[in-house]
Amino acid sequence: MQPRSHTKLSEHVRTQARLRARLGVPVCLLMLLFLWHWGPSSPGIGPAQIVPVFALHLVYNLGLLHVTRSASRCDPRHVATFTAVMDPVLLSAGLMLMNQIGQIFACFYLFTILGFGFRIGIAAMHICQLASIGAFSVMAWLNPSWHSYPVAVISVLLFLAIVPLYAKALITRLHFARQHAESESQAKTRLLATVSHELRTPLTGIVSCAQLMQEESDDPQVARRADTVLALSAELLAQINDLLDSAKYGADALPLAHQPFSMADVAAHLRCTLGPIALAKSIALHITVDQHLPALFIGDMPMLCRALMNIGGNAVKFTDEGEVKIRFTLLGCRPGACNILSSCEDTGIGIDTAMHQKIFEPFFQACGGVNRRHGGTGLGMSIARDIVSRMGGDIHVSSTPGRGSLFEFAIWLDTADTAETGIPRPGPESIVHNKCILLADDNATNLMLTCALLERDGHHVITASSGQEAVHLLGSTKIDLAFLDFNMGDIDGATALQIYRFGKLAPAPAYILTADNTSATTRRLIDCGAAGVLHKPISLEALRRAVSQQFSADAAGASSAQTSQVDWLDDTVIANLKELDSNDDFVARVVNTALMDIRSLSNDLTAALKEQDLPSMLDKAHAIKGIAVSVGAVRLAALAARMSRMEQPGLERDRMALITEIDEVTVQSMQALRGVVQSAAN
């Protein structure tokens, strides 16, 4: 890899070559025009002398432009020295052909000298200065047209000698200021990365502990407090991400990916993320996708979602009543691409016209001051604008205070054929059980809590508190999967994984846990053989998703036609029922009885929700939970357990959403249970 200074010099040399081509060729043509109109400096000068000189000019300008396009073909330091000499020499060769009118072009000596000083450096400037003084002196001595103007010759020489020396101090200060600014920028990026790691690591423990409290406690008050901790953790994580992403976008550190995705997936992501927030504020969230949009696009879905999340998140945050509408509309098409208009309209507090552009400035708060109620870092809209700009669009805002706001942007996205991409549509994720998992983390608290999260799904977890211990256990223990922390003190997770993969013929898949969410680190960890990267804080859902990605076949059951997926049913419970009585009729009778009870109780539960009858709702939810647990209907049991801890304010607020959710989960769970009955009958 080339050093950073070498790379920067190569870029400066390429920039100088492009400027030389854009400026040098017109100057050559202008000199030829002057020669044709005013004649050469001597009657003996004709096409035989003029054509080679200007042909050399063109070859030199265009040839350098071609050579400097590849940094591997030439050393930029040698190119800089060569051009610092050749530029004034070739200019002098052209002036040698011209009469006194050539004095007009003498300014290009100084232009060239200062150009090298500002772009390349002081050393290159002095080389060009000495070459210019020498070449001009020889030209003025040999060209008779200059003999009659000694004052002009002396003036040019004084300019060439004095002005660069005066400019040297300014150039030195500018170079120092630029280096200082770059150093400050790098220090800021390193600081943000360190802060990100130091904050994300304890945040992992906080999230894990709150999730365990939420899962294990039947006390409604404890559950509410756990929900509060998780909500505050999510808000803190969002602000950490905004701060770190601001540095990454500003440093051009995040190139756009090109992967197949659908706009329906984008809408589903926004609905899942923003929906609960809107529901908690009792505002309506409408997300619509134009039915004429193609099924698949090629682009960076995570980046697009991040921009829309920031825009939509602000809309929900600043809307206290009414609705938020997010739309994806087809504006037009061309072969292989479509122009998509994304808009977000709300009925919130609105933005004053004078603030319409300022809200896109980093850290700007449109409602700042001591009375600011909504929080945030002020980076969301700045990041959204940067992402949309990278995608070739521009965010437009129209808003009136008190009447809401409308944000919209249009971008061109390449389209993809579903058959060509071969990308399967993702189905529901399954919860995998009973795997042997190695977990390595040198933070004792996070190790304990993450272990507890994995054990909730029945996994046998082997823990390692250091990289060295992890390497030993990986080599001596048969495991199904590993989770290795990247930032362990002795041996980092990536190194431990490489040692393990080198010494095993068939290594188990391993995920790396890290607080560094930069794309460069992610690529590095994937390249070292990791099955994936989980960014801290680690949630139970992320762990389950990672495990299910490696063992999806185990989770789905033996027959793909069966609907008894672990996502809805715990196969372990069904297996235990079969062990009680080997007769298949026993399992069928138990499940059929449960189906009738679930159907009846769910109808009663829905009626209690509609009437806002809290005692009846708690009673029916508790009954459904008991039946669902007995037949392994885990999703239905979890929903019923959550409802059995509710109080009247929550019932009144979430009543309609709960009716929809209980209906959907009941239907899916009953369908999965019917699959068990059909399997037993066969």
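Criteria and cut-off values
- Residues numbered from 1 in each chain as written.
- Predicted model: local features only at pLDDT ≥ 70, side-chain atom pairs only at ≥ 80, totals over all residues.
- Heavy atoms only, no water.
- Helix = DSSP H or I, 4+ residues; strand = E, 2+ residues; numbered from the N terminus.
- Buried < 20%, exposed > 50% of the residue type's maximum accessible area, 1.4 Å probe, protein only.
- Contact = heavy atoms within 4.5 Å.
- Areas by Shrake-Rupley, 256 points an atom, 1.4 Å probe, with all protein chains shown as cover.
- Pairing = 2+ DSSP bridges.
- Axes fitted to C-alpha atoms, helices over the stretch in contact; angles between N-to-C directions.
- Phe/Tyr/Trp six-rings, centres within 6.5 Å; stacked < 30°, edge-to-face > 60°.
- Lys NZ or Arg CZ within 6 Å of the ring centre and 35° of its normal.
- Parallel < 35°, antiparallel > 145°, perpendicular 65-115°, else oblique.
- Expected span 1.5 Å × (residues − 1).
- Patch = residues over 30% accessible without salt bridge, like charges linked within 9 Å, V, L, I, M, F, W, Y side chains within 5 Å.
- Salt bridge = Lys/Arg side-chain N within 4 Å of Asp/Glu carboxyl O.
- pLDDT = per-residue confidence, 0-100.
- Left-handed = near helix turned anticlockwise from the far one by under 90°.
- Nonpolar A, V, L, I, M, F, W, Y, C, P; charged D, E, K, R; others polar.
- Right-handed = clockwise from strand over helix to strand, strands pointing away.

S.K.: What is the right way to read the overall build of the chain from this model?
M.R.: A count of helical and extended segments in the chain gives 22 helices and 12 strands. For the chain, the proportion of its 682 residues judged to be buried stands at 44%. If you take every contact in the chain between residues at least 6 apart in sequence, the share linking residues at least 24 apart comes to 73%. For the chain, the exposed surface amounts to about 34,200 Å²; the carbon and sulfur share of it is 59%.

S.K.: Quick question: what am I supposed to make of the sheet that holds strand 8 (residues 436–440) here?
M.R.: Hydrogen bonds along the backbone pair up the strands of a sheet, which may run parallel or antiparallel. Here we have 5 strands laid out as an open sheet, ordered 9-8-10-11-12, and parallel in their pairing. The open sheet is flanked by strand 9 (460–464) and strand 12 (532–535), the only strands paired with a single partner. Ignoring strand direction, the axes of neighbouring strands in this sheet form an average angle of 20 degrees. Where strand 11 (residues 510–514) meets strand 12, 4 bridges bridge the pair, whose relative direction is parallel. What sits directly across from Thr514, in strand 12, is His535. In this fold helix 12 (residues 444–455) packs onto strand 8, strand 9 and strand 10 (481–485), with an angle of close to 165 degrees to the strand it touches most, strand 9.

S.K.: Would you mind showing me how to read the packing of aromatic side chains here?
M.R.: The geometry of two aromatic rings is summed up by the distance between their centres and the angle between their planes. All chains considered together, the criterion is met by 9 aromatic pairs. Here Tyr109 and Phe136 contribute two aromatic rings whose centre-to-centre distance is 5.6 Å and whose plane-to-plane angle is 80 degrees, an arrangement assigned as edge-to-face. Taken together, the residues span a long stretch of sequence, with Tyr109 in helix 4 (residues 107–119) and Phe136 in helix 5 (residues 122–142) at a distance of 27 residues. Here Tyr109 falls in the buried class, since its relative accessible area comes to 1%. Relative to Phe297, the ring of Phe261 has its centre 6.2 Å away and its plane inclined at 35 degrees; by these criteria the two rings are tilted. Placement of the pair is Phe261 in strand 1 (residues 259–261) and Phe297 in strand 3 (residues 296–299), with a sequence separation of 36 residues. Each member of the pair, Phe261 together with Phe297, is buried. Site record: aromatic cluster; members linked through ring pairs are Phe34, Trp38, Phe105, Phe108 and Phe111. Geometry around Trp412 places Arg334 over its ring, the cationic atom sitting 4.1 Å from the centre.

S.K.: Could you clarify how one ought to interpret the packing of helix 3 (residues 76–97) against helix 4 in this entry?
M.R.: Two packed helices can be described by the angle between their axes and the distance between those axes. The N-to-C vectors of helix 3 and helix 4 enclose an angle of 175 degrees; their axes lie 10 Å apart at closest approach. By the criterion of interaxial angle, the relationship of helix 3 to helix 4 is roughly antiparallel. Of the residues in helix 4, those in contact with Ala80, Thr83, Ala84, Asp87, Pro88, Leu91, Ser92 and Leu95 of helix 3 are Phe108, Tyr109, Thr112 and Phe116.

S.K.: Explain helix 4 to me, please; I cannot follow it from the model alone.
M.R.: Since one α-helical turn is 3.6 residues long, residues separated by three or four positions face the same way. With 13 residues, helix 4 extends 18 Å between its outermost C-alpha atoms, agreeing within 8% with the 18 Å of an ideal straight helix rising 1.5 Å per residue. Listing the buried residues of helix 4 in full gives Tyr109, Leu110, Thr112, Ile113, Leu114, Phe116 and Gly117. Looking at the residues trailing helix 4, positive phi occurs at Gly121, about 150 degrees.

S.K.: When you look at unusual backbone geometry in this model, what are you seeing that I'm missing?
M.R.: Only a minority of non-glycine residues have a phi that is not negative, and only a minority of peptide bonds are not trans. Despite not being glycine, Asn434 shows a phi value in the positive range, around 60 degrees. Within the secondary structure, Asn434 is located in the loop between helix 11 (418–421) and strand 8. Overall, the relative accessible area of 52% leaves Asn434 in the exposed class.

S.K.: I keep staring at a nonpolar patch on the surface and nothing clicks. Help me out?
M.R.: On the surface, a nonpolar cluster with roughly 360 Å² of combined accessible area is contributed by Leu30, Leu33 and Trp36. The residue Trp36 is located in helix 1 (residues 4–38) in this model.

S.K.: Looking at this structure, how should I read the side chain of Thr83?
M.R.: In this fold, Thr83 is placed in helix 3. Assessed through its relative accessible area of 3%, Thr83 is described here as buried. In this structure Thr83 touches Arg20, Tyr60, Leu64, Pro88 and Phe116, once residues within four positions along its chain are discounted.

S.K.: Just to check I follow, could you spell out the confidence of the model for the chain for this structure?
M.R.: For the chain, mean pLDDT is 78; residues scoring 70 or higher make up 80% of the total. Ranking the elements of the chain by mean pLDDT puts helix 17 (residues 552–556) last with 45 and strand 10 first with 93. This model gives residues 366–377 a pLDDT under 50, and the stretch forms 19 contacts once residues within four places in sequence are excluded. Scored below 50 in pLDDT, residues 419–428 makes 10 contacts in the model with residues more than four places away or belonging to other chains.

S.K.: What am I meant to see in the packing of helix 3 against helix 5 here?
M.R.: Following both chains from N to C, one finds helix 3 and helix 5 inclined at 20 degrees, their axes separated by 8 Å at the closest point. Taken together, the axes of helix 3 and helix 5 lie roughly parallel to each other. As for how helix 3 packs across helix 5, the hand of that crossing is right-handed. Contacts between helix 3 and helix 5 involve Thr81, Ala84, Val85, Pro88, Val89, Ser92, Leu95 and Met96 from the first element and Ala124, Ile127, Cys128, Ala131, Ser132, Ala135, Phe136, Val138, Met139 and Leu142 from the second. For the contact of helix 3 with helix 5, the per-class residue count stands at 15 nonpolar, 3 polar and no charged.

S.K.: Which parts of the structure should I look at to understand the pairing of strand 9?
M.R.: Residues in a regular strand project their side chains so that they alternate between the two faces of the sheet. With 5 bridges connecting them, strand 8 and strand 9 associate as parallel partners. For Cys436, the partnering residue across the bridge sits in strand 9 and is His460. Taken together, strand 8, helix 12 and strand 9 constitute a β-α-β crossover, and its handedness is right-handed.

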